[in-house]
Amino acid sequence: MKRVLLTFIIFLSGIICHGQEVVWHDASEFPVFGKITDDTPTRYQRLPGYLEPITRKPVWGLGRNSAGLYIRFYAEGSMSLYFKWKLFSNKSMAHMADTGVKGLDLYALSDENGWRYLRCAKPEGAENEVKLVCGKAPREYMLYLPLYDGVSSLKIGIEEGGTLGQPEIMSPNDMKPVIMYGSSILQGCSASRPGMAHTNILARMIDREVINLGFSGNAKLDYEIAELMASYSDPGLFVLDYVPNCSAEMIDEKAETFFRIIRDAHPDVPIILVQNAVLHGTDIFDRGAARITKAKNDAQRRLYDKLRKEGDKNLYFVEGDGMVGYDGDTTVDGTHFTDLGMMRYAEHILPTIKKILKIK
């Protein structure tokens, strides 16, 4: 009899819990970070609408991905948070987890340890609804959006009686942002979840907004992208990491013009030129790939040396050697970084960024 009664109580509790009212809020109520402009066709795209007829179709399409974008909000009094999101494409990729391609990634702010990973909302289709257990304590949250798909709508839910509101702590801080341009790796391939893209790792490390202008396979020095970067009114730093998508000849032909579009608009803003990662695993077996990497990196070094010789004192250089270590265990496919590769990249470039921005 006692066992039957206990079973009934558990069943009844499950009904009450399952039937608990969820109050939904459109994520547009809360601030979004990581955008170079708000002049986009939809809230969670990265490129302004005027570029659609101007830029190459692959660049425009990739600009619809929400890589590097995140929502900030505050919540308390609810054991769980709920998320609904609709995707543009519902794509999958052979060399990247769906959680990174089209999932959401939730971080919470810790007084002792800064931003810490909490839960990942796993996608199951074009339309998703996920419950994440977070606890009732008052917390600041950061919700990263998909790296390789776009979000057409996004809602955040909280259990009735809980509080969902604007962030109460300014993090990232309101200092000038870092604007990064690059390839699929910079866009986030092949991070297991959005928070592990190296631009997002760096943003947490320096507590500053980092704008992700990564275009998979298409960081080919399109001048309209340089003009977009140049149009940002008050940047703190530019990082140019296009080498993985360029040949040595392309760098020799186009990189200086791309650089000067930005430099002419911002003569005093620091710019970092980054080499291609030297992969001390793949490259020791594939000498042809190693020669191509060396040729591209040499072209990037020539550009840096030329610009420095001409008197540019706000120019910095990050070498590809040692970028992701020497064990060869940092990629999925010999090119795209795992979470380990993403973390090592961030740690490799971090000292230069800290020096430039005077961060202790």
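Residues numbered from 1 in each chain as written. Predicted model: local features only at pLDDT ≥ 70, side-chain atom pairs only at ≥ 80, totals over all residues. Heavy atoms only, no water.

A. Expanded view of the pattern of salt bridges. Under the definition given, this model contains 14 salt bridges. Here Lys306 ties to Glu310 by a salt bridge, and the two come within 2.7 Å at their closest N and O atoms. What you see here is one network of salt bridges that share partners, running through Glu256, Arg260, Lys306 and Glu310. (Salt bridge = Lys/Arg side-chain N within 4 Å of Asp/Glu carboxyl O.)

B. View of helix 10 (residues 339-357). Its 19 residues place the ends of helix 10 25 Å apart at the C-alpha level, agreeing with the 27 Å of an ideal helix rising 1.5 Å per residue. At Leu350, helix 10 shows its maximal bend, which comes to roughly 40°, and the proline Pro351 appears one to four places after that position. Considered for burial, the residues of helix 10 that qualify are Gly341, Met342, Tyr345, Ala346, Ile349, Leu350, Thr352, Ile353, Ile356 and Leu357. Positive backbone phi, at 60°, marks Lys358, one or two positions downstream of helix 10. (Helix = DSSP H or I, 4+ residues; strand = E, 2+ residues; numbered from the N terminus. Expected span 1.5 Å × (residues − 1). Bend = angle between axes of the 7 residues up to and from the residue. Buried < 20%, exposed > 50% of the residue type's maximum accessible area, 1.4 Å probe, protein only.)

C. Region of interest: the packing of helix 5 (residues 198-206) against helix 10. Interaxial distance between helix 5 and helix 10 falls to 9 Å at its minimum, and their mutual angle equals 45°. In this view, helix 5 runs oblique relative to helix 10, as classed from their interaxial angle. Seen along the crossing, helix 5 lies across helix 10 with a hand that is right-handed. The segment helix 5 lies against helix 10, with His198, Ile201, Leu202, Met205 and Ile206 engaging Met342, Met343, Tyr345, Ala346, Glu347, Ile349, Leu350, Ile353 and Leu357. (Axes fitted to C-alpha atoms, helices over the stretch in contact; angles between N-to-C directions. Parallel < 35°, antiparallel > 145°, perpendicular 65-115°, else oblique. Left-handed = near helix turned anticlockwise from the far one by under 90°. Contact = heavy atoms within 4.5 Å.)

D. Expanded view of the sheet that holds strand 15 (residues 315-318). Strand order in the open sheet made by the 5 strands is 12-11-13-14-15, with parallel pairing throughout. The open sheet terminates on both sides in strands that have one partner only, identified here as strand 12 (210-214) and strand 15. Averaged over all adjacent pairs, the angle separating strand axes in this sheet is 15°, with direction ignored. As paired elements, strand 14 (residues 271-274) and strand 15 share 4 bridges and run parallel to each other. Across the sheet, the residue bridging to Leu273 is Phe317, located in strand 15. Against the sheet, helix 5 makes contact with strand 11 (178-182) and strand 12, and its axis sits at roughly 165° relative to strand 12, the strand it touches most. (Pairing = 2+ DSSP bridges.)

E. Summary view of helix 9 (residues 287-309). Taking 1.5 Å per residue, 23 residues should reach 33 Å; helix 9 reaches 32 Å between its end C-alpha atoms and fits that length. Ala290, Thr293, Lys296, Asn297, Ala299, Gln300, Leu303, Tyr304 and Leu307 are the residues of helix 9 that are buried. Count one or two residues on from helix 9 and you reach Gly311, which has phi positive near 105°.

F. Broad picture of the environment of Leu69. For Leu69, the location among the structural elements is in the loop between helix 2 (57-63) and strand 3 (70-76). If we skip the residues at most four places from it in the chain, Leu69 touches Val32, Phe33, Gly34, Lys35, Tyr44, Gln45, Arg46, Leu143, Tyr144 and Leu145.

G. Looking closely at the packing of aromatic side chains. A complete count under the given rule lists 12 aromatic pairs for this structure. Pairing Tyr181 with Phe258 gives two aromatic rings, centres 4.9 Å apart and planes at 25°, and the pair type is stacked. With a gap of 77 residues between them, Tyr181 in strand 11 and Phe258 in helix 7 (residues 248-265) connect regions that are remote in the sequence. Accessibility classification places Tyr181 together with Phe258 in one group, the buried group. When the centroid spacing of 4.9 Å and the interplanar angle of 40° are considered together, the rings of Tyr304 and Phe317 count as tilted. Placement of Tyr304 in helix 9 and of Phe317 in strand 15 is noted, with a sequence separation of 13 residues between them. Between the NZ or CZ atom of Lys84 and the centre of the ring of Trp24, over which it lies, the distance is 4.4 Å. (Phe/Tyr/Trp six-rings, centres within 6.5 Å; stacked < 30°, edge-to-face > 60°. Lys NZ or Arg CZ within 6 Å of the ring centre and 35° of its normal.)

H. A look at the pairing of strand 11. Counting buried positions over the 5 residues of strand 11 gives 5, a clear majority of the element. Pairing analysis gives 5 bridges linking strand 11 to strand 12, with the strands arranged parallel. Across the sheet, the residue bridging to Ile179 is Ile211, located in strand 12. Sheet topology note: the strand 11/strand 13 (residues 237-241) ladder contains 5 bridges and is parallel. What sits directly across from Tyr181, in strand 13, is Leu240.

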